[in-house]
Protein chains: 2
Amino acid sequence: MEFLGSASDASCITRARRRQAYDDSTEFKSKNLHAERRRRQKLSDRLLTLRSLVPIITNMNKASIIEDAITYVEVLQRDVKILSDQLLEMESTSEEKEIPIRIDDQINNAADDQEMKTNGIEEDVEVTKINGKKLWMKIVFEKKRSRFTKLLEAMTYLGFEMTDTNVTTFKGAILVSASVERTYEDTLEVQETKELIQQIIRSI
Amino acid sequence: MEFLGSASDASCITRARRRQAYDDSTEFKSKNLHAERRRRQKLSDRLLTLRSLVPIITNMNKASIIEDAITYVEVLQRDVKILSDQLLEMESTSEEKEIPIRIDDQINNAADDQEMKTNGIEEDVEVTKINGKKLWMKIVFEKKRSRFTKLLEAMTYLGFEMTDTNVTTFKGAILVSASVERTYEDTLEVQETKELIQQIIRSI
DNA sequence: CGTGACACGTGAGCC
DNA sequence: TGGCTCACGTGTCAC
């Protein structure tokens, strides 16, 4: 009647061991045999779920599982610390930022406005093809506060990747030339990209 | 002569069990007895160090230790996700919230660190005087995500005004040259400005 | 008394 | 072959 090793494995740690046969009579000894089995299985299950949470695997050993979990917890704690530090720093700088900037912001804008009206800077967007995935572009637009930053953010958000960027400002105008390719697109059409960039510039 | 259970405990899990006495002769059986002892002790040690990393304690059980570690890892993963989401949201200057895909946030951080150390682009800051209020500067530093934007923000916040700016990126490096004057200062010292810029670059 | 948790020694599979 | 890991059953404390 020995149904031994019945529910102990069914896990990827267990390597399917069997127990040798007992005498069918006698020898049904310890009372906490089933309890011990349940305890072991519970511990193995816990170990498995812990295992499933840790992304980096070195070995399937019990000790290695715990070791990987240890290093992973340390990495996570470090990440949380770094991220919360960055967040606090950004929050504090953005709070302090508002008051002192507004003063010269108005001055700059006013000066730029006058210069813009007299000079009359005209926007220009030129796009030429380098190869199927890569384009070269030249953009001229009017210099206004943080407009170039917003352009960068918009292009990054839209999946454009800019390399060999060159930015020059001169008397109220910004000239940007760069190689550009789109991260997730196979092809990049000239006219389409040009219109997209013009749309970005008008919206910022 | 039975000095039994000699090196098995010495841990706060073990509850100081002793072993029953053997016959002093014979019965020294299995070959892997010591190896098994080492294995068990290593596993217990790992479990203890894992235990020491987890702040919330429910029980001193082995299973409970792993259980607590599991919930703690889940909490840490959730925190990392929330923090990185907030950080991304703040970086993209409000408005449209994208759904961040970042699973491998810690991998990216590690990769960035390694890349910085291996490549080792050397920073360079040169500042020369144009006149009493105006300087010319050249900055070379390693290209990292939104680092130029942060440089602009920092310099704007510190009251620097940049004109005739020229930015060029090339193979992981950024070169910035610009005329600069400080809005609220009468004079602008070369060495002081250079150190300030170096400080900005190191902090971003 | 029972229940739960633990370390122990051991046979066996794997590389 | 031997080293390593595993599940197993058991004795034994503590509550």
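Residues numbered from 1 in each chain as written. Chains lettered and ligands numbered in written order. Predicted model: local features only at pLDDT ≥ 70, side-chain atom pairs only at ≥ 80, totals over all residues. Heavy atoms only, no water.

Considering the overall build of chain A
Defined as follows: Secondary structure elements follow DSSP: runs of H or I of four or more residues count as helices, runs of E of two or more count as strands, with numbering from the N terminus. For the exposure calls, accessible area comes from a 1.4 Å probe over protein chains only, and a residue counts as buried if that area is under 20% of its type's maximum, exposed if over 50%, partly exposed in between. Should any heavy atoms of two residues lie within 4.5 Å, those residues are counted as being in contact. Accessible areas in this description were obtained via Shrake-Rupley with a 1.4 Å probe; residue shielding takes into account the shown protein chains only.
What chain A contains, in helices and strands, is 4 helices and 4 strands. Buried positions account for 31% of the 204 residues belonging to chain A. Of all intrachain contacts in chain A linking residues separated by at least 6 positions in sequence, the fraction that spans at least 24 positions is 53%. Working note: accessible area of chain A is about 13400 Å², and carbon and sulfur atoms make up 52% of it.

Considerations on the confidence of the model for chain A
Residues and elements named next belong to chain A. Spelled out, the test is: Along the chain, pLDDT gives the predictor's confidence residue by residue, from 0 to 100.
Across chain A, the average pLDDT comes to 70, with 65% of residues at or above 70. Least confident of the elements in chain A is helix H2 (residues 62-119), whose mean pLDDT is 62; most confident is helix H1 (residues 33-53), at 92. Between residues 93-119, whose pLDDT stays under 50, and residues either more than four places distant or in other chains, the model counts 22 contacts.

Looking at the nonpolar core
Where we set the bar: By nonpolar core is meant a set of buried Ala, Val, Leu, Ile, Met, Phe, Trp, Tyr and Cys residues that side-chain atoms within 4.5 Å join together.
Core analysis: the biggest nonpolar cluster contains 41 residues, and Met137 and Ile139 of chain A together with Met137, Ile139, Phe148 and Met155 of chain B have the highest contact counts within it. Tallying contributions element by element places helix H4 (residues 147-157) of chain B first for this core, with 5 residues. The residues contacting Ile139 of chain A, other than those within four sequence positions of it, are Asp124, Val125, Leu151, Ile174, Leu175, Val176, Ile197 and Ile201 of chain A. Of all hydrophobic cores here, the second largest spans 30 residues; its members include Leu87 of chain A together with Ile65, Ile66 and Val73 of chain B.

Quick word on H4 of chain B
Buried residues of H4 of chain B: Arg147, Phe148, Thr149, Leu151, Leu152, Ala154 and Met155 of chain B, and no others. Buried residues along H4 of chain B sit in contact with helix H3 (147-157) of chain A together with strand E2 (134-142), strand E3 (160-170), strand E4 (173-182) and helix H5 (190-203) of chain B.

Quick look at the sheet that holds E2 of chain B
Sheet strands associate in pairs through backbone hydrogen bonding, adopting either a parallel or an antiparallel arrangement. Condition: Here, any two strands with at least 2 DSSP bridges between them count as paired. Every angle, taken between N-to-C directions, lies between 0 and 180 degrees, and every axis is a line fitted to C-alpha atoms, over only the stretch in contact when it is a helix.
Reading across the sheet, the 8 strands line up as E1(A)-E2(A)-E4(A)-E3(A)-E3(B)-E4(B)-E2(B)-E1(B) and stay open at both edges, with antiparallel pairing between neighbours. A single partner strand is all that each edge strand has here, and the edge strands are strand E1 (124-129) of chain A together with strand E1 (124-129) of chain B. Each adjacent strand pair in this sheet contributes to an overall mean axis angle of 15°, direction not counted. Two elements, E2 of chain B and E4 of chain B, share 9 bridges in a ladder whose sense is antiparallel. When the bridges of E4 of chain B are listed, Trp136 of chain B appears paired with Ser179 of chain B. Along the sheet, H3 of chain A contacts strand E2 (134-142), strand E3 (160-170) and strand E4 (173-182) of chain A; its crossing angle with E2 of chain A, the most-contacted strand, is approximately 150°. Its contacts with the sheet place H4 of chain B against E2, E3 and E4 of chain B, and it is angled at close to 150° to E2 of chain B.

A look at the pattern of salt bridges
All names here are of chain B. What counts here: Throughout this description, the term salt bridge denotes a Lys or Arg side-chain nitrogen within 4 Å of a carboxyl oxygen of Asp or Glu.
In the structure shown here, the tally under the stated rule is 11 salt bridges over all chains. Here Glu36 ties to Arg39 by a salt bridge, and the two come within 2.9 Å at their closest N and O atoms. One end of the pair, Glu36, and the other, Arg39, are both in helix H1 (residues 33-53), 3 residues apart, so they sit about a helical turn from each other. Taking the relative accessible area as the measure of exposure, Glu36 reaches 28% and is therefore partly exposed. Among the residues examined, Arg39 registers a relative accessible area of 40% and is labelled partly exposed. Between Arg147 and Glu123 there is a salt bridge; the shortest N-O distance is 3.8 Å. One end of the pair, Arg147, is in helix H4; the other, Glu123, is in the loop between helix H3 (105-119) and E1, with 24 residues separating them in the sequence. Judged by relative accessible area, which is 7%, Arg147 ranks as buried.

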